[in-house]
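Each chain is listed here by its residues.
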Amino acid sequence: MHAGARARVGVDVGGTKVLAVVVDEGGVVRRRLQTALPAGERTPAVLEETLTRAVRDVVDRVALSSLEGVGLSLAGLVDTQADRVRYCTHLPWRDDPVRARLAARWGTRVVVENDATCAAVAEHRLGAAQGLDSFVLVTLGTGIGGALVVDGEVWRGAGGMAGEFGHAPVVPAHLGGVACTCGLRGCWEMYCSGHALRRWCAEHAPERADLRDGPEITAAAVAGDVVALRAFEEVGTWLGRGLAALVAGYDPALLVVGGGVSAAGDLLLDPARTELERATYAARHRRLPPLVQAECGPEAGAVGAALLL
Ligand SMILES: [Zn+2]
């Protein structure tokens, strides 16, 4: 990009890496750059230095103040009303006015949003949910991210933190609910995520050293491996069960599933559709929303963040 051009930059801040993209007005990615987050102590200062470098590098070192702005997408609770990042599982920000600090540092407009919210914005504008007034998006990675769109707008909730469907309690502690990373027990994402795929394989086929992570289990399922297929059936069934609760509550026009685990496509979605039909309230007397795979891929968070500018 030549000096002086006004670029929108989207940055997805993951647990281990940072993806920065430059997008044009229509959301088309013109440039991308991925960097690892430094290992070792993760302080806000170290993290923000890495982000500053990533943004500068992806726009070819033009002055940051000449940007249209920078959108940050991150896996955490972003309180948009109070303008603070409340909590991130893998990042050091706690109850921190990150957006204002980075805007002052970079001399440009900055928006900060939850990554699933950003993905929903991308799917709404460019992907599976174009033209729809209401839909639910869940992203299945290590855990679950979620977003709800109502009347064409992301529903942020009273504190700006809506959509954390992954921590809805689905199995109570006294019935053996699995301990979640959030400190609660029996959260939906303990049964429906990359983590759940791995746990299922470890419990049911401990001898299978080739089924240790999500991409391995997905590849094995695609190749017809019986254990991997059963893991997807289990996780897909939990997906359908959780989505049935969301359909009962929100009656959306569409259900979109993104994130790394969704790469398995119908191996995940078919058992989910079966369970959705079985478990949704009054399923025979209503039009069930289609359940589809997200279309914007692994860049959805970064692109959606840039589109929020
Ligand atoms: Zn939880």
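Residues numbered from 1 in each chain as written. Predicted model: local features only at pLDDT ≥ 70, side-chain atom pairs only at ≥ 80, totals over all residues. Heavy atoms only, no water.

**Q** So what exactly am I meant to see when it comes to the pairing of strand E3 (residues 29–36) here?
**A** Taken residue by residue, a regular strand's side chains alternate between the two faces of the sheet. Pairing of strand E2 (residues 17–23) with E3 involves seven bridges; the strand directions are antiparallel. By the bridge assignment for E3, valine 23 is matched with valine 29. The hairpin turn running from E2 into E3, its antiparallel successor, is five residues long, and glycine 27 in that turn takes a positive phi close to 85 degrees. (Pairing = 2+ DSSP bridges. Helix = DSSP H or I, 4+ residues; strand = E, 2+ residues; numbered from the N terminus.)

**Q** How should the packing of helix H6 (residues 226–250) against helix H7 (residues 266–279) be read in this particular structure?
**A** Between two packed helices, both the angle of their axes relative to each other and the distance between the axes serve to describe the pair. Contact pair H6 / H7: the axes reach a minimum separation of 7 Å and the direction vectors enclose 40 degrees. As far as their axial angle goes, H7 and H6 are oblique. Seen along the crossing, H6 lies across H7 with a hand that is right-handed. Along its contact with H6, which presents Leu229, Phe232, Glu233, Val235, Gly236, Thr237, Leu239, Gly240, Arg241, Leu243, Ala244 and Val247, the element H7 presents Leu267, Leu268, Leu269, Pro271, Ala272, Glu275, Leu276 and Ala279. Looking at the contact of H6 with H7, its residues break down into 14 nonpolar, three polar and three charged. (Axes fitted to C-alpha atoms, helices over the stretch in contact; angles between N-to-C directions. Parallel < 35°, antiparallel > 145°, perpendicular 65-115°, else oblique. Left-handed = near helix turned anticlockwise from the far one by under 90°. Contact = heavy atoms within 4.5 Å. Nonpolar A, V, L, I, M, F, W, Y, C, P; charged D, E, K, R; others polar.)

**Q** It is not clear to me how the domain arrangement of the protein chain should be interpreted in this structure. Could you clarify?
**A** Many descriptions give the size of an interface as the accessible area lost when the pieces come together. Taken domain by domain, the protein chain holds domain 1 (8–118 + 300–307) and domain 2 (130–293). A C-alpha centroid distance of 26 Å is found between domain 1 and domain 2. Each partner contributes to the interface: domain 1 provides 11 residues, whereas domain 2 provides 13 residues. Carbon and sulfur atoms make up 50% of the area that domain 1 and domain 2 hide from each other, which totals about 870 Å². (Domains from an automatic or database assignment. Buried area = accessible area lost by both parts, 1.4 Å probe.)

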